[in-house]
Amino acid sequence: MSGHHHHHHHSWVHRLTSAVEHRGRLCVGIDPHPGLLEAWGLPVSAEGLETFAEICVEAFVGEVAVVKPQVAFFEAYGSAGYAVLERTISVLREAGTLVVADAKRGDIGSTMAAYAQSWLGAESTLSSDAVTVSPYLGFGALDPALSLAAEQGRGLFVLARTSNPEGGDLQAAGTAAGVSVAQSVVDAAVRHNSAQPGLVGLVVGATRGHGLDLSNFSGPILAPGLGAQGATPGDLADIFPDSRKLLLPNSSRGVLQAGPSAAALREAAVKVRDEIESALS
């Protein structure tokens, strides 16, 4: 691939590496589900959502390298929710925090291209540093997102092995090539990254049974399942033995339950961040 795509942008992996060196590997989710809004004493409405997001921004900017808004919890309030999401993404990015939009988009052709523009396009009001995508309509269907991410210096996190039990049946099924479906996703990511290192990240749940051979994969790994879902920072080195520098353990509920005080939230994030750093050092 020629270098002309990159003249205006530092690549995603360059920006991510730098952010992680300065602020650690933790990725914190912004997941304003109704139960959490209530626990924070906020109304379950777009107004409550806005306050929640503002507290998260105040808590995480400057301390956390990567923040991952879960798009569904904003979309639930329609255009008012999307307006909050747009402001949240732009404020975080202007402050130098990397944003992964957790939108899990997966479609084909011009529709995939439109989703890619929404989350990775320079002109979009939702423009993020990276987006989660699903390869389960065929890895090749992700091509429009791969091209745009490369052109814009952004990244993708492709779902490989999710931590939900029902995902296992599909993802562990064998392919004609004799590897699991999830492993075929890893292998496709490895091939794409040989041309553009780190462009394609993976989502691999932080559970012992992920069953993947990640030894050839050197890109970023987003690893949900820290805290509420069971894995501890101390488990990470065992679950991901090739302890890569771009492993991004993700905690959402585990950190967010410390709210609604921004100071308490920041303290909770820093504690988990430092536990991760010592576990992976």
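Placed above this text is the structure.
Below is a summary of the structure that appears in this document.

1. Quick notes on the overall build of the protein chain
Here comes step 1: For the protein chain, the count of helices and strands is 12 helices and eight strands.
Here comes step 2: Once the C-alpha set of the protein chain is aligned to its principal axes, its extents read approximately 50 × 40 × 35 Å.
Here comes step 3: Counting the 281 residues in the protein chain, one finds 53% classified as buried.
Here comes step 4: Long-range contacts, defined here as pairs at least 24 residues apart, represent 73% of the contacts in the protein chain between residues at least 6 apart.
Here comes step 5: Element-wise, carbon and sulfur atoms account for 53% of the exposed surface of the protein chain, whose accessible area totals about 11,500 Å².
Here comes step 6: Each charge class in the protein chain can be summarised by its mean position, and for the 18 positive and 28 negative side chains these summaries are 4 Å apart.

2. Brief notes about the pattern of salt bridges
Here comes step 1: Tallied over the entire structure, the rule returns 10 salt bridges.
Here comes step 2: Among the ionic pairs, R15 bridges to D129, the shortest N-O distance being 2.5 Å. Taken together, the positions of R15 in helix α1 (residues 12–23) and D129 in the loop between α6 (109–120) and β4 (130–133) put the pair 114 residues apart, joining distant regions of the chain.
Here comes step 3: The class for R15 is partly exposed, based on a relative accessible area of 22%.
Here comes step 4: Measuring nitrogen to oxygen at the nearest pair gives 3.1 Å for the salt bridge that ties R273 to D274.
Here comes step 5: The exposure class of R273 is buried, given its relative accessible area of 14%.
Here comes step 6: Here the salt bridges do not stand alone but share partners, grouping R15, R93 and D129 into one network.

3. A few points about the packing of aromatic side chains
Here comes step 1: Following the criterion strictly, the structure yields three aromatic pairs and no others.
Here comes step 2: Centre to centre, the rings of Y82 and W119 are 6.5 Å apart; their planes meet at 40 degrees, and the pair counts as tilted. Taken as a pair, Y82 in helix α5 (residues 78–94) and W119 in helix α6 lie far apart in primary sequence, 37 residues in all. Both residues of the pair, Y82 and W119, count as buried.

4. Observations concerning the pairing of strand β2 (residues 66–69)
Side-chain direction in a regular strand flips from residue to residue, so the side chains alternate between the two faces of the sheet.
Here comes step 1: Both faces of β2 are covered, namely the face carrying V66 and K68 and the face carrying V67 and P69.
Here comes step 2: The pairing of strand β1 (residues 27–30) with β2 spans four bridges and is classified as parallel. Bridged to V28 within β2 is V67.
Here comes step 3: Where β2 and strand β3 (residues 98–105) come together, two bridges link them in parallel fashion. Counterpart to V67 in the pairing with β3 is V99.

5. Remarks on the packing of helix α3 (residues 46–60) against α5
Here comes step 1: Following both chains from N to C, one finds α3 and α5 inclined at 10 degrees, their axes separated by 9 Å at the closest point. In terms of orientation, α3 and α5 fall into the roughly parallel class. Residue-level inspection shows A46, L49, E50, A53 and V57 of α3 in contact with α5, the latter providing A80, G81, V84, R87, T88, V91 and L92.
Here comes step 2: Broken down by class, the residue content of the contact of α3 with α5 amounts to eight nonpolar, two polar and two charged.

6. What to know about the sheet that holds β4
Here comes step 1: The sheet built from eight strands closes into a barrel, its strands ordered β1-β2-β3-β4-β5-β6-β7-β8 with parallel pairing. Across this sheet, the average inter-strand angle for adjacent strands is 30 degrees, counted without regard to direction.
Here comes step 2: In terms of strand pairing, β3 meets β4 through three bridges, oriented parallel. Paired with R105 across the bridge in β4 is V133.

7. What about α3?
Here comes step 1: Spanning 15 residues, α3 covers 21 Å between terminal C-alpha atoms, matching the ideal 21 Å at 1.5 Å per step.
Here comes step 2: Of all the positions in α3, only A46, G48, L49, F52, A53, I55, C56, V57, A59 and F60 are classed as buried.
Here comes step 3: After α3 finishes, the residue G62 shows a positive phi value of roughly 90 degrees.

Each value, and the rule that gives it
Residues numbered from 1 in each chain as written. Predicted model: local features only at pLDDT ≥ 70, side-chain atom pairs only at ≥ 80, totals over all residues. Heavy atoms only, no water. Helix = DSSP H or I, 4+ residues; strand = E, 2+ residues; numbered from the N terminus. Buried < 20%, exposed > 50% of the residue type's maximum accessible area, 1.4 Å probe, protein only. Contact = heavy atoms within 4.5 Å. Areas by Shrake-Rupley, 256 points an atom, 1.4 Å probe, with all protein chains shown as cover. Lys, Arg positive; Asp, Glu negative; His and termini not counted. Charge placed at Lys NZ, Arg CZ, Asp CG, Glu CD. Salt bridge = Lys/Arg side-chain N within 4 Å of Asp/Glu carboxyl O. Phe/Tyr/Trp six-rings, centres within 6.5 Å; stacked < 30°, edge-to-face > 60°. Pairing = 2+ DSSP bridges. Axes fitted to C-alpha atoms, helices over the stretch in contact; angles between N-to-C directions. Parallel < 35°, antiparallel > 145°, perpendicular 65-115°, else oblique. Nonpolar A, V, L, I, M, F, W, Y, C, P; charged D, E, K, R; others polar. Expected span 1.5 Å × (residues − 1).

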